[in-house]
Amino acid sequence: MSLLEVEDLAVHFPITQGTLVSRTVGHVYAVDGVSLTIEQGETYGLVGESGCGKSTLGRAILKLTEPTRGSVRFDGRDVAALKGEELRKARRRFQMVFQDPLSSLDPRQSVESLLQEGMKAHGLTGGHARLQELVDAVGLPKGSLRRYPHEFSGGQRQRIGIARALCVEPDLIVADEPVSALDVSVQAQVLNLLSRLQAELGLTYLVIAHDLAVVRHVSDRVGVMYLGGIVEEAPAGDLYADPQHPYTKALLSAVPTPDPEAEDRRERILLAGDLPSPAAPPSGCRFHTRCPWRQADRCATERPELRQLEGAPAGHRVACHHAEAIKAGTIRPHEVDATLVDEAAGFPVDGPDHASSVQEILGR
Amino acid sequence: MSALLEVEDLKVAFTRRGEPDSVAVDGVSFDVQPGEIVGLVGESGCGKSVTSLAIMRLLPERGNRVTGSIRMDGDELTALSDGQLRERRGRDLSMIFQDPLSSLNPVITVGLQITEVLTRHRGMDKKAARAEAVELLDRVGIPDPRRRLDAYPHQLSGGMRQRALIAIALACSPRLLIADEPTTALDVTIQAQILDLLKQLVAETGTALVMITHDLGVVAGLCDRVNVLYGGRIVERAERHELFRAPRHPYTHGLLGSIPRLDGPPGEDLAAIKGSVNDNLPWTSACAFAPRCPNALEVCTSVTPAPVEDGRFLRCHNPVGAS
Ligand SMILES: Nc1ncnc2c1ncn2[C@@H]1O[C@H](COP(=O)(O)OP(=O)(O)OP(=O)(O)O)[C@@H](O)[C@H]1O
Ligand SMILES: Nc1ncnc2c1ncn2[C@@H]1O[C@H](COP(=O)(O)OP(=O)(O)OP(=O)(O)O)[C@@H](O)[C@H]1O
Ligand code: SF4
Ligand SMILES: [Mg+2]
Ligand SMILES: [Mg+2]
């Protein structure tokens, strides 16, 4: 049995309008039909661009956001059915680490009281020795327990965030962009720490990040998200060696690598236009508006399911109607007209009255 | 060939009454040749933005002291009056920032923001300016440019805003463009579009570009020469292939080792640099990197390493590969 089983999970946020009588005028399809499983002791990496629904998926798994449909099973039990005491108990077993450690840590609490609070909430008590062990484990300097979050550097704050997640001895840690606010030299320290803790404590990770190199480095398996859905999933090595989905190909080709020779040789697949709004996702394959391999049949009308291609390694699945032909090279990439996304679309914004000159507005 | 921009011994200190000065840029010298792409790379707080703001004279009016020489085409920019410099800014040198939303005026249409530059600096009339603005938006890859002229900044996506900002910066065909983290806030596929655009514009127009970034990957594919900054100083400078093939400064070396690679061995520990930039702020003398440096010698904590120019520029008492 897998530690975590997510099936057809969806989170749709209503868009409401009106102040007196508010009515729903549409939905943001933040997560729209995601299924995945994570094994005990494994690291599953979730990548995708801004707004594709990574954080919402992570929060829905931890029941911090109510899913619109679908199920989450943790250790064989349906999380949605948990209430009260049972939910609190289950919560101890899955913890979250956030991108911005400072905003998730109460500035008025010392590290010691932050950790104690976390433990108390789950009926655990930690003596000073246990707390000291924790801050040592995450590599914080001596005397850290008495200090306050603002007295630490960004990397150290992230270590506090990790210590707080660890203090309740969880099984699963959902780490949402755990290193993206950090300088690269410090990012490496935190990544090393995460993998050491996993080896020592047998932790299971769901790591969410937009940096493909980071995800590849830490993950056993990787899922690529686009507009609320997973478009490709594979063991990390396979995904990077043989990307099958057009979006994965484009994403990988876009990552700059610190190697001038590789950069000189590289052929980029430049995607035209913007990411469509999740409030008005394209029909059929959600990538079809930007896909250089799009075909006249099916792409715009039928949503492709995740499936394994013939001869592909176990666990390598892709959601593209034409993946075989693309892999065989029988259909070639073509030019795509850029479609623009109106940021304000669907959200009524009152622009100022059309001004006749810059000077007029600035009063110059 | 004479340099387009020469920065020599630039120092910027922030002053606050009752407190010792804090030195953000400490003797930075570099030059930019016409049509060249030069990188300034380093981690948070190393002085990249302050250096570029000092060149553009965009630092706050009070509370700082700028010394050193900044020459463009041999003219000393620091000797110009504010009015004279404003005249050159926009015409000869121009800048784009990380967050286009904060550098675009939110209540003015994109079109008006471009035409204003054209009428003011290039003396065009309204009609000609509008036609030129359509050209410019088209050139930076904004689809349906005529319609987009009437859009407000918030109606454009992040990538399109950055394109609009580039169009404004290019409106007067400057010979030098300074870009401060222009793609840091963007998604990687959009970043690829913008980097491609910048490269293409440099090739077509001959504009020189100073690219400021913390991302060594961006520099590797884009820049002709790369300056690596640490603690307000340039610690190493080399042609990009040279720099990445054989980094000599322990900081450059460490930085390259700490980046996870798409093609690297997964799972293995990264060669992280110990500590963080904050460990030794403010530093007073000697090598700012010393507390984190695996190569540090005793002298590193007492004597500032002198700049050495032998094949490449280097500031280090004990560089990598020296015996
Ligand atoms: N509480 C909410 N109410 C309404 N819309 C929301 C809410 N939370 C998220 N969204 C929207 O859902 C979509 C997915 O957001 P989410 O934060 O999950 O994306 P993400 O992949 O984590 O992006 P990023 O990389 O920027 O963190 C976005 O369009 C976002 O604006
Ligand atoms: N207006 C200011 N007053 C005082 N100190 C400042 C001011 N602006 C910048 N500094 C300081 O100068 C140093 C250099 O800052 P700078 O903004 O140039 O860093 P940077 O290299 O651009 O970093 P980042 O990658 O975070 O943008 C920092 O220590 C910063 O705190
Ligand atoms: S299904 Fe069609 S549009 Fe979608 S990725 Fe495949 S080829 Fe492209
Ligand atoms: Mg997120
Ligand atoms: Mg900066």
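Throughout this description, residue numbers start from 1 for each chain and increase along the sequence as written. Chains and ligands are labelled sequentially in the order written, the chains with letters from A and the ligands with numbers from 1. Two thresholds apply to this predicted model, a pLDDT of at least 70 for residue-level local features and 80 or more for giving and counting side-chain atom pairs, whereas whole-chain, interface and lining totals are computed over all residues. Water and hydrogen atoms play no part in the side-chain values, which are based on all heavy atoms of the structure.

Chain B carries the name Peptide/nickel transport system ATP-binding protein in an unreviewed UniProt entry, which gives Pseudonocardia oroxyli as its organism. UniProt positions are given in the numbering used here, feature names are shortened, and annotations may be inferred rather than shown by experiment. Per UniProt, the comment on chain B under Subcellular location (unreviewed entry) is "Cell membrane". The UniProt entry for chain B carries the following comment under Sequence similarities (unreviewed entry): "Belongs to the ABC transporter superfamily."

Chain A is annotated in an unreviewed UniProt entry as Peptide/nickel transport system ATP-binding protein from Pseudonocardia oroxyli. Checking UniProt for chain A, the heading Sequence similarities (unreviewed entry) contains the comment "Belongs to the ABC transporter superfamily."

## A few points about helix H5 (residues 126-139) of chain B
An α-helical turn contains 3.6 residues, so any two residues separated by three or four positions project in the same direction. Residues and elements named next belong to chain B. With 14 residues, H5 should cover 20 Å at 1.5 Å per step; its first-to-last C-alpha distance of 20 Å lies within 8% of that length. Residue exposure (1.4 Å probe, protein chains only): buried if accessible area is under 20% of the type maximum, exposed if over 50%, otherwise partly exposed. Counting from the N terminus, the helices are the DSSP runs of H or I reaching at least four residues and the strands are the DSSP runs of E reaching at least two. Those residues of H5 not exposed but buried are Ala129, Glu132, Ala133, Val134, Leu136 and Leu137. Contact criterion: two residues are considered in contact whenever any of their non-hydrogen atoms come within 4.5 Å of each other. Where H5 is buried, its residues contact helix H4 (110-122), helix H6 (145-148) and helix H7 (158-170). The length a helix should cover is 1.5 Å for every residue beyond the first.

## Examining the site of ligand 3
Here a residue is near a molecule or strand as soon as one of its heavy atoms is found within 4 Å of it. Around ligand 3, the structure places His245, Pro246, Cys285, His288, Cys291, Trp293, Cys299, Cys320, His321 and His322 of chain A. Across the shell around ligand 3, the residue classes tally to six nonpolar, four polar and no charged. Residue polarity is assigned by list, with Asp, Glu, Lys and Arg as charged and Ala, Val, Leu, Ile, Met, Phe, Trp, Tyr, Cys and Pro as nonpolar; anything else, Gly included, falls into the polar class.

## Section: the side chain of Arg71 of chain B
Residue and element names in this part refer to chain B. Along the chain, Arg71 turns up in strand S4 (residues 64-72). For Arg71, a relative accessible area of 19% translates into the label buried. Polar contact is defined as a pair of N or O atoms within 3.5 Å, subject to the rule that within protein one atom must be able to donate a hydrogen and the other to accept it, and that residues adjacent in sequence are counted only when both atoms are side-chain atoms. Looking at Arg71, its side chain comes within polar contact range of the side chain of Glu8, at 2.9 Å. Dropping the residues within four chain positions of it, Arg71 is found in contact with Leu4, Leu5, Glu6, Glu8, Glu76 and Leu77.

## Re the UniProt feature "domain: ABC transporter" (unreviewed entry) in chain B
Under the UniProt annotation, the feature "domain: ABC transporter" (unreviewed entry) is placed at residues 5-256 of chain B. Counted over residues 5-256 of chain B, helix gives 40% and strand 28%. Its end C-alpha atoms are 28 Å apart.

## Structural notes on the nonpolar core
What tends to happen in soluble globular proteins is that the nonpolar side chains get buried as a cluster. By size, the foremost hydrophobic cluster in this structure holds 66 residues, and its most contacted members are Ile114, Ile166, Leu209 and Tyr251 of chain B. Sort the elements by how many residues they give to this core and H7 of chain B lands first, with eight residues. Sequence-distant contacts of Ile166 of chain B, defined by excluding residues within four places in its chain, comprise Ile96, Val140, Ile194, Leu197, Leu198 and Leu201 of chain B. Throughout this description, the term nonpolar core refers to a set of buried Ala, Val, Leu, Ile, Met, Phe, Trp, Tyr and Cys residues connected via side-chain atoms within 4.5 Å. Counting 37 residues, the second-largest nonpolar core is a separate cluster that includes Leu134, Val135, Ile160 and Val186 of chain A.

## Things to note about the site of ligand 2
Residue and element names in this part refer to chain B. As a matter of local geometry, ligand 2 sits amid Phe14, Ala24, Glu43, Ser44, Gly45, Cys46, Gly47, Lys48, Ser49, Val50 and Glu181. At 2.8 Å, a side-chain N or O of Lys48 approaches an oxygen atom of ligand 2. Methods summary: accessible areas were calculated by the Shrake-Rupley approach with a probe of 1.4 Å, and residue burial reflects only the protein chains presented. For ligand 2, the accessible surface in isolation is 640 Å², of which the surrounding protein chains cover 59%. A per-element tally of the shell around ligand 2 places helix H1 (residues 48-56) first, with three residues. Across the shell around ligand 2, the residue classes tally to four nonpolar, four polar and three charged.

## Section: the sheet that holds strand S5 (residues 75-76) of chain B
All names here are of chain B. Two strands pair if DSSP finds at least two bridges between them. One open sheet accounts for four strands, arranged S2-S1-S4-S5; its pairing is antiparallel. The open sheet has two edge strands, strand S2 (19-32) and S5, and neither has a second partner. With eight bridges connecting them, strand S1 (residues 5-16) and S4 associate as antiparallel partners. When the bridges of S4 are listed, Val7 appears paired with Ile70.

## Notes on the packing of helix H5 (residues 154-166) of chain A against helix H6 (residues 184-201) of chain A
Residue and element names in this part refer to chain A. Helix axes are fitted only over the stretch in contact, all axes being lines through C-alpha atoms; the angle between N-to-C directions runs from 0 to 180 degrees. Here H5 crosses H6 at 20°, and the two axes come no closer than 10 Å. It follows from the interaxial angle that H5 and H6 lie roughly parallel. Note that H5 runs across H6; the crossing there is right-handed. Contact residues: H5 offers Gly155, Gln158, Arg159, Ile162 and Leu166, while H6 offers Val186, Gln189, Val190, Leu193, Leu194, Leu197 and Leu201. Within the contact of H5 with H6, the residues separate by chemical class into eight nonpolar, three polar and one charged. For this classification, under 35 degrees means roughly parallel, over 145 means roughly antiparallel, 65 to 115 means roughly perpendicular, and everything else is oblique. It is the rotation of the near helix from the far one that decides the hand of a crossing: anticlockwise by less than a right angle makes it left-handed, clockwise makes it right-handed.

## Considering the pairing of strand S10 (residues 229-235) of chain A
Residues and elements named next belong to chain A. Of all the seven residues making up S10, six are buried; the element is thus mostly covered by neighbouring parts of the structure. The pairing of strand S9 (residues 221-226) with S10 spans six bridges and is antiparallel. Each bridged residue has a counterpart across the sheet, and for Arg221 the counterpart in S10 is Pro235. Joining the antiparallel neighbours S9 and S10 is a turn of two residues, in which Leu227 adopts a positive phi near 45°. Relative to strand S12 (residues 317-318), S10 runs antiparallel, the two sharing two bridges. By the bridge assignment, Glu232 is partnered in S12 with Val318.

## Examining the sheet that holds strand S4 (residues 69-74) of chain A
All names here are of chain A. Taken in spatial order, the four strands make up an open sheet running S2-S1-S4-S5, and their pairing is antiparallel. Sheet topology places strand S2 (23-38) and strand S5 (77-78) at the edges, where each strand pairs with a single neighbour. Looking at chain direction, strand S1 (residues 4-17) and S2 are connected through twelve bridges and run antiparallel. Counterpart to Val6 in the pairing with S2 is Leu36. The strands touched by helix H1 (residues 54-61) are S1, S2 and S4; relative to S1, the strand with the most contacts, the crossing angle is about 115°.

## Some thoughts on the domain arrangement of chain A
All names here are of chain A. For each domain, the first and last residues come from an automatic or database assignment. When its domains are assigned, chain A resolves into domain 1 (2-103 + 167-219) and domain 2 (242-364). Listed by partner, the interface residues are eleven residues for domain 1 and 15 residues for domain 2. Buried area: the accessible area, evaluated with a 1.4 Å probe, that two parts lose upon being put together, summed over both parts. Here domain 1 packs against domain 2, burying approximately 1,100 Å² in sum over the two surfaces, 61% of which is carbon and sulfur. By the criterion of area lost to domain 2, the three top residues of domain 1 are Asp32, Glu49 and Leu212, representing 43% of everything that side buries. Here, a salt bridge means any Lys or Arg side-chain nitrogen found within 4 Å of an Asp or Glu carboxyl oxygen. Remark: the boundary between domain 1 and domain 2 carries two salt bridges. Taking the shortest distance from any N to any O, the salt bridge between Arg303 and Asp32 comes out at 3.6 Å. Applying the counting rule to domain 1 against domain 2 returns four residue pairs in polar contact (both at pLDDT 80 or more). Every element with two or more residues in the side of domain 1 that touches domain 2 is listed here: S1 and S2. By residue number, the principal contributor to the side of domain 1 that touches domain 2 is S2, which donates five residues.

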